[in-house]
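Spelled out from the first residue to the last, the chains are:
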Amino acid sequence: MSEKVSIESQTLDIDSVKEKIEAGDFLMIAADENILSQLPSGNWIGGSIPYFMADDGGVVSRDIIYVHTIKGCAQPRITPYDANSISRIAQDAPDNGFTITILPAGSDVHAEYSQNAPSYPNMFFSPIVGWIAGVHLDDVASAQAKTVFGPGGMLMADKAVAMHVTLPESQFANVHIVNLFEQGQGPKISFPETSFKVGNCQVDGVDMNFTDYLNDNNIDTRLPLVADYNGINVNVSVQNVNSGDVDLYAPVFGDVQYQFASPITDYVSEFNKAIDAEESNNSAFSCNCILNFLYSELEGKKTGALTGPIAFGEVAYQLLNQTLVYMTLENQ
């Protein structure tokens with residue numbers, strides 16, 4: 001393989017997408033489920049989402065189709081995974097290349113990956129990026145996120161999909177994480193077990209109910225919990241505060257210490273300072289988080305040169321929250 005691999009990102013109308021699929025192009029497609037269900041089978045993976053960072057800024061649309069076209073590569077391996085097989089994803093990855101994966105929010109495979117991915121065999125040896133498919137927030141109570149296994153033309157609520165792409169020896173993929181949040185100055189919080197739903201916790205070593213702690217201290221739950229994982233800040237975002245427990249967008253891990261993040265005054269300004277302009281201009285794939293979109297009011301605002309789906313979670317090897325993930329293809 002001597003040709004360089006590249007990824008073209010663009011929004012397209014449905015007829016153009018059908019043409020690309022029928023031409024045999026290798027595609028990753030983000031769109032509303034209604035659109036995904038109309039597309040023919042072919043060399044593609046897809047996920048449901050109506051939120052995007054487009055060229056003109058953040059947008060909510062059930063009509064936009066965001067397409068990544070992978071060019072110059074040999075036939076990728078396109079694989080569905082369920083909760084029992086997702087642990088093979090890193091073993092299936094090429095020795096030199098990258099994997100793009102999409103998981104449906106709220107599914108068993110989403111929960112399995114989010115809790116256990118860091119311990120999967122061969123994890124962190126080959127770049128894995130991707131996003132969590134979702135639905136319009138108006139439909140959260142009534143609709144399920146879907147992924148699509150393009151070769152079979154299958155919409156699925158319970159399986160992840162992945163495209164494993166081999167790169168020539170002259171190229172390598174690099175994963176970048178933009179996380180503006182840092183641990184704040186508040187108390188250290190730990191939890192007894194790994195879970196998406198938490199009741200009890202320890203706050204500076206004192207046992208208490210997490211809901212009571214949040215309410216009694218007027219915690220701004222738009223800010224994530226942040227833990228230091230071997231020098232990398234990893235966020236866990238609050239979804240719902242219930243009467244006796246709290247739902248999270250990603251799991252907290254048992255016996256890891258978290259602190260609520262320091263506030264950010266101007267997300268777009270801070271974001272543009274945090275990204276490397278030259279690297280982001282060379283981005284081959286990127287996704288942002290729905291919580292960044294909502295809490296930072298990104299509709300109509302640009303985030304540098306980075307465009308792509310705004311997801312219910314991001315994948316940079318493991319599941320992340322309230323981050324932006326992008327991948328560059330670089331020369332050896």
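Residues numbered from 1 in each chain as written. Predicted model: local features only at pLDDT ≥ 70, side-chain atom pairs only at ≥ 80, totals over all residues. Heavy atoms only, no water.

Draft legend 1. Expanded view of the overall build of the protein. When its secondary structure is counted, the protein shows 8 helices and 27 strands. Its C-alpha atoms give the protein principal-axis dimensions of about 60 × 40 × 40 Å. In the protein, which comprises 332 residues, the share counted as buried stands at 54%. For the protein, the proportion of contacts with a sequence separation of at least 24, taken over those separated by at least 6, is 76%. Total accessible area on the protein is roughly 13,900 Å²; 41% of this is exposed by carbon and sulfur atoms. Within the protein, the 41 negative side-chain charges are centred at a point lying 4 Å from the centre of the 15 positive side-chain charges. (Helix = DSSP H or I, 4+ residues; strand = E, 2+ residues; numbered from the N terminus. Buried < 20%, exposed > 50% of the residue type's maximum accessible area, 1.4 Å probe, protein only. Contact = heavy atoms within 4.5 Å. Areas by Shrake-Rupley, 256 points an atom, 1.4 Å probe, with all protein chains shown as cover. Lys, Arg positive; Asp, Glu negative; His and termini not counted. Charge placed at Lys NZ, Arg CZ, Asp CG, Glu CD.)

Draft legend 2. Focus on the side chain of Ser61. Here Ser61 shows up in the loop between strand S5 (57-60) and strand S6 (65-71). By relative accessible area, Ser61 is classed as buried at 14%. Among the polar contacts made by the side chain of Ser61, one reaches the main-chain amide nitrogen of Ile64 at a distance of 3.1 Å. The contact partners of Ser61, leaving out residues within four places of it in the chain, are Pro50 and Phe52. (Polar contact = N/O pair within 3.5 Å; in protein donor to acceptor, adjacent residues only side chain to side chain.)

Draft legend 3. Main features of the layout of surface pockets. Empty space within the largest pocket amounts to approximately 480 Å³. Looking at the largest pocket, it is lined by 18 residues, and the ones nearest its centre are Ala105, Gly106, His110, Gln239 and Phe312. Of all the secondary-structure elements, those providing two or more residues to the lining of the largest pocket are helix H4 (108-116) and strand S21 (246-252). (1 Å grid on protein atoms, 1.4 Å probe; cavity = no way out; pocket = protein on both sides within 12 Å on 5 of 7 lines; lining within 4 Å. Points joined across faces, edges and corners; volume = space filled by probe spheres on them.)

Draft legend 4. Structural detail: the sheet that holds strand S15 (residues 195-198). Taken together, the 3 strands give an open sheet; going across it, the order is S15-S21-S20, and neighbouring strands pair in antiparallel fashion. Edge positions in the open sheet fall to S15 and strand S20 (238-241), since each of these has one partner strand only. Each strand axis lies, on average, 25 degrees off the axis of its neighbour in the sheet, ignoring direction. Pairing of S20 with S21, which is carried by 3 bridges, proceeds in the antiparallel orientation. From the neighbouring strand, Val241 faces S21, where its bridge partner is Val246. (Pairing = 2+ DSSP bridges. Axes fitted to C-alpha atoms, helices over the stretch in contact; angles between N-to-C directions.)

Draft legend 5. Looking closely at the pattern of salt bridges. According to the stated counting rule, one finds 11 salt bridges in the structure shown. A salt bridge links Asp158 to Lys159; the shortest N-O distance between them is 3.9 Å. Using a relative accessible area of 45% as the deciding quantity, one classes Asp158 as partly exposed. As a salt-bridge pair, Arg222 and Asp220 come within 3.1 Å of each other at their nearest N and O atoms. For Asp220, a relative accessible area of 31% corresponds to the partly exposed category. Shared partners join several salt bridges into a network, and the residues in it are Asp32, Arg62 and Asp139. (Salt bridge = Lys/Arg side-chain N within 4 Å of Asp/Glu carboxyl O.)

Draft legend 6. Structural context of empty space enclosed by the protein. By the definition in use, this model includes 2 cavities of 30 Å³ or more. Quantified by volume, the largest cavity comes out at close to 70 Å³. Among the secondary structure elements, those contributing two or more residues to the lining of the largest cavity are strand S19 (232-236), S21 and strand S26 (318-320). In terms of residues, the lining of the largest cavity owes the most to one element, S19, which gives 3 residues. When the residues that make up the lining of the largest cavity are grouped by side-chain class, the tally is 7 nonpolar, 3 polar and no charged. (Nonpolar A, V, L, I, M, F, W, Y, C, P; charged D, E, K, R; others polar.)

Draft legend 7. Spatial organisation of the environment of Thr307. Note on placement: Thr307 falls in the loop between helix H8 (290-295) and strand S24 (308-311). With 153 residues separating them along the chain, Thr307 and Met154 place their C-alpha atoms 26 Å apart. At a separation of 2.4 Å, a polar atom in the side chain of Thr307 contacts the side chain of Tyr66.

Draft legend 8. Molecular detail of the packing of aromatic side chains. Enumeration over the complete set of coordinates arrives at 7 aromatic pairs. Ring centres of Phe210 and Phe260 lie 6.4 Å apart, and the angle between their planes is 15 degrees; on these two criteria the pair is classed as stacked. Of this pair, Phe210 sits in helix H5 (residues 210-216) while Phe260 sits in strand S22 (residues 259-260); the two residues are 50 residues apart in sequence, bridging distant segments of the chain. Given a relative accessible area of 0%, Phe210 falls into the buried group. Taken together, the ring pairs connect Phe191, Phe210, Tyr258 and Phe260 into an aromatic cluster. (Phe/Tyr/Trp six-rings, centres within 6.5 Å; stacked < 30°, edge-to-face > 60°.)

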